[in-house]
Amino acid sequence: MSILSRFSPIIIAHFGPPALAAIRSWGRRGARVGLVQIVAKGEPVPHSRYLTGHITMTAEEFLKGDGLVRAIAFIRDFGADAVLTINEELGCRLDENRHLLPESVKLMLASADKTRAILSKSLQIKTAKRVGMRVLPTWE
């Protein structure tokens, strides 16, 4: 029996190569895998024999509408152990609302503060200059 057979992760992402790789990797090892699929209008429903459950919503719904509430209900009902997202903006929203998730759920992402610091162009330029890298004037 694999240690992952008791693992129930959920990935929040578009259904593309990165998400499919995570779903397959976990699923092949016996994990129950869920997906909160971020879709564009008219996008097809995902198919993978390793996918135990899923819901769909647009990025706009997750970021500004009732999508976050729906995603949290799905995470709770699915019995997720961990949640991963590939998109930084979605990850920040999830981290900022961590208090709404069951305490047992692990977030497999950096905190919103750390993510925003990494994404900041001004901080990237400052760091690059500090370590001696040349920065194109168009970025300044």
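Read on for a plain summary of the structure. (Residues numbered from 1 in each chain as written. Predicted model: local features only at pLDDT ≥ 70, side-chain atom pairs only at ≥ 80, totals over all residues. Heavy atoms only, no water.)

## Describing the packing of helix α4 (residues 88–96) against helix α5 (residues 112–119)
Selection criterion: Angles run from 0 to 180 degrees between N-to-C directions of axes, and those axes are lines fitted to C-alpha atoms, restricted for helices to the stretch in contact. Strands here mean DSSP runs of E at least two residues long; helices mean DSSP runs of H or I at least four residues long; both are numbered from the N terminus. Between 65 and 115 degrees an angle is taken as roughly perpendicular, under 35 as roughly parallel, over 145 as roughly antiparallel, and anywhere else as oblique. For any helix crossing, the convention is left-handed if the near helix is rotated counterclockwise from the far helix by under a right angle, and right-handed if that rotation is clockwise. Whether two residues are in contact is decided by their heavy atoms, any of which lying within 4.5 Å being enough. Classification used: nonpolar for Ala, Val, Leu, Ile, Met, Phe, Trp, Tyr, Cys and Pro, charged for Asp, Glu, Lys and Arg, polar for all others including Gly.
Interhelical geometry of α4 versus α5 gives an angle of 150 degrees and a closest axis separation of 9 Å. Taken together, the axes of α4 and α5 are roughly antiparallel relative to one another. When the axes of α4 and α5 are compared, the crossing they make is left-handed. Note on element contacts: α5 touches α4 through Ala112, Thr115, Arg116 and Leu119, opposite Glu88, Cys92, Asp95 and Glu96. Looking at the contact of α4 with α5 residue by residue, the classes come out as three nonpolar, one polar and four charged.

## Quick look at the sheet that holds strand β3 (residues 51–57)
How we decide: In this description, strands pair whenever DSSP reports at least two bridges between them.
The strand order across the open sheet formed by five strands is β3-β2-β1-β4-β5, and the pairing between neighbours is parallel. The open sheet terminates on both sides in strands that have one partner only, identified here as β3 and β5 (106–107). Relative to β5, strand β4 (residues 82–85) runs parallel, the two being bridged by two bridges. Bridged to alanine 82 within β5 is lysine 106. Along the sheet, helix α1 (residues 17–28) makes contact with β1 (9–13), β2 (33–38), β3 and β4, crossing β1 at roughly 170 degrees. Contacting β1, β2, β3 and β4, helix α3 (residues 67–78) crosses the sheet at an angle of about 170 degrees to β3.

## Here's the deal with the packing of aromatic side chains
Each aromatic ring pair is characterised by the separation of its centres together with the angle its planes make. The criterion, for reference: The pairing test for Phe, Tyr and Trp rings, Trp by its six-membered ring, is centres within 6.5 Å, and the orientation test on the planes gives stacked under 30 degrees, edge-to-face over 60, and tilted for anything in between. The buried label applies to any residue whose accessible area, calculated with a 1.4 Å probe on protein chains only, is under 20% of its type's maximum; exposed applies above 50%, and partly exposed to all values in between.
Applying the stated criterion to the full structure yields two aromatic pairs. With centroids separated by 6.1 Å and ring planes inclined at 85 degrees, the aromatic side chains of phenylalanine 7 and tryptophan 26 adopt a geometry described as edge-to-face. With a gap of 19 residues between them, phenylalanine 7 in the segment before β1 and tryptophan 26 in helix α1 connect regions that are remote in the sequence. Residue classification places tryptophan 26 among the buried positions, given a relative accessible area of 13%. Here the aromatic rings of phenylalanine 74 and phenylalanine 78 are separated by 5.6 Å at their centres, their planes lie at 35 degrees, and the arrangement is tilted. Of this pair, phenylalanine 74 and phenylalanine 78 both sit in helix α3, separated by four residues, roughly a single helical turn. Judged on exposure class, the residue phenylalanine 74 and its partner phenylalanine 78 are both buried.

## A short note on the side chain of serine 48
Its place among the elements puts serine 48 in the loop between β2 and β3. Judged by its relative accessible area of 18%, serine 48 is buried. Contacts of serine 48, omitting those with residues within four sequence positions, involve Leu20 and Ile23.

## What about α1?
Which entries qualify depends on this criterion: Multiplying 1.5 Å by the residue count of a helix minus one yields the expected span of that helix. In this context, the arc is that of the directions from the helix axis out to the C-beta atoms.
Over its twelve residues, α1 extends 16 Å from the first C-alpha to the last, a length consistent with the 16 Å expected when each residue adds 1.5 Å. Turning to α1, its buried residues are Ala19, Leu20, Ala22, Ile23, Trp26 and Gly27. With its buried residues spanning 160 degrees around the axis, α1 presents them on a single face. Exposed and oriented more than 90 degrees from the buried face of α1 are Pro17, Pro18 and Arg28. In the core, the buried residues of α1 are packed alongside β1, β2, β3 and β4. Within two residues after α1, glycine 30 carries a phi angle of roughly 95 degrees, on the positive side.

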